[in-house]
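Each chain is listed here by its residues.
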Amino acid sequence: MQISELSDRSGLTVQTIKFYIREGLLPKGSSVSATRSEYGRPHLERLRLISALREVGDLPVAAIQQIIAAIDDERVSLHELFGTTQYAIGPHVAAPGDPHWRAAREDVDALVRELGWTVGAGAPARDLLAHTFVALRRLGFPITLTDLRPYVKAATEVADHEIGRVADDTSRARTVHSLLVSTVLYEQVLTALHRLAQEDASFRRFGAS
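Residues numbered from 1 in each chain as written. Predicted model: local features only at pLDDT ≥ 70, side-chain atom pairs only at ≥ 80, totals over all residues. Heavy atoms only, no water.

1. As for the packing of helix α3 (residues 41-55) against helix α9 (residues 172-207)
- Interaxial distance between α3 and α9 falls to 10 Å at its minimum, and their mutual angle equals 25 degrees. Comparing their axes, α9 and α3 come out roughly parallel. For the pair α3 and α9, the crossing hand works out as left-handed. Across from Arg48, Leu49, Ala52 and Leu53 in α3, the residues of α9 making contact are Ala173, Val176, His177 and Leu180. (Axes fitted to C-alpha atoms, helices over the stretch in contact; angles between N-to-C directions. Helix = DSSP H or I, 4+ residues; strand = E, 2+ residues; numbered from the N terminus. Parallel < 35°, antiparallel > 145°, perpendicular 65-115°, else oblique. Left-handed = near helix turned anticlockwise from the far one by under 90°. Contact = heavy atoms within 4.5 Å.)

2. Considerations on the environment of leucine 136
- One can find leucine 136 in helix α7 (residues 124-138).
- Excluding residues within four positions of it along the chain, leucine 136 makes contact with Phe141 and Ile143.

3. Describing helix α1 (residues 3-10)
- Listed in full, the buried residues belonging to α1 are Ile3, Leu6, Ser7 and Ser10. Projection of α1 onto a plane perpendicular to its axis shows the buried side chains occupying an angular sector of 100 degrees, all on one side.
- Turning to α1, the residues buried within the fold contact α2 (14-22), β2 (37-38) and α3.
- One or two positions beyond α1, positive phi appears at glycine 11, with a value near 80 degrees. (Buried < 20%, exposed > 50% of the residue type's maximum accessible area, 1.4 Å probe, protein only. Arc of directions from axis to C-beta.)

4. Description of unusual backbone geometry
- Note the cis peptide between glycine 90 and proline 91, where omega equals 5 degrees.
- In this structure, proline 91 sits in the loop between α5 (78-89) and α6 (99-115).
- Positive phi outside glycine occurs at aspartate 58, with the angle close to 55 degrees.
- Residue placement: aspartate 58 occurs in the loop between α3 and α4 (61-72).

Structure, rendered in structure tokens:
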């Protein structure tokens, strides 16, 4: 297909597609003349992935470049590819470095060790959880493993389900797309279900006559 058809099928302007080519996010088309190139289905699929990373993941071009480079480098394992994508998505929380923050971060690191989870030291979720621990303590809700167990169990089951859905023959690009959907969109599903379940539990305990 020509770039005009690629534009129509992807929903992106020709100028945007050319920008992605210049930035190295999209391979050049096959040259058929001095002024015309042909594009195939892989170009369309790559554009859909880039659009998802920009629109769903809200990622800047630099972060998308890192993910695309990891996809194209077969030496990068799927686990490393997952990490590159997840760390790019974030969320990224500023670490104030005060004593309360440092204590909370130490507690998070201890929790990860106790659970036996293999998680990178630079995982953004470590800082996010530490930030939440600080907020809970300031509100008078100390953190205990007993309180955390239901959330740990739910998180483990959800993560195992998500990773288990990735088939061995799934393309690397499709794997990233799946992780993006799970991390960004299904987290919203999980939040919504949590709140619906809370209302139901409240009714069963306090509202039923």
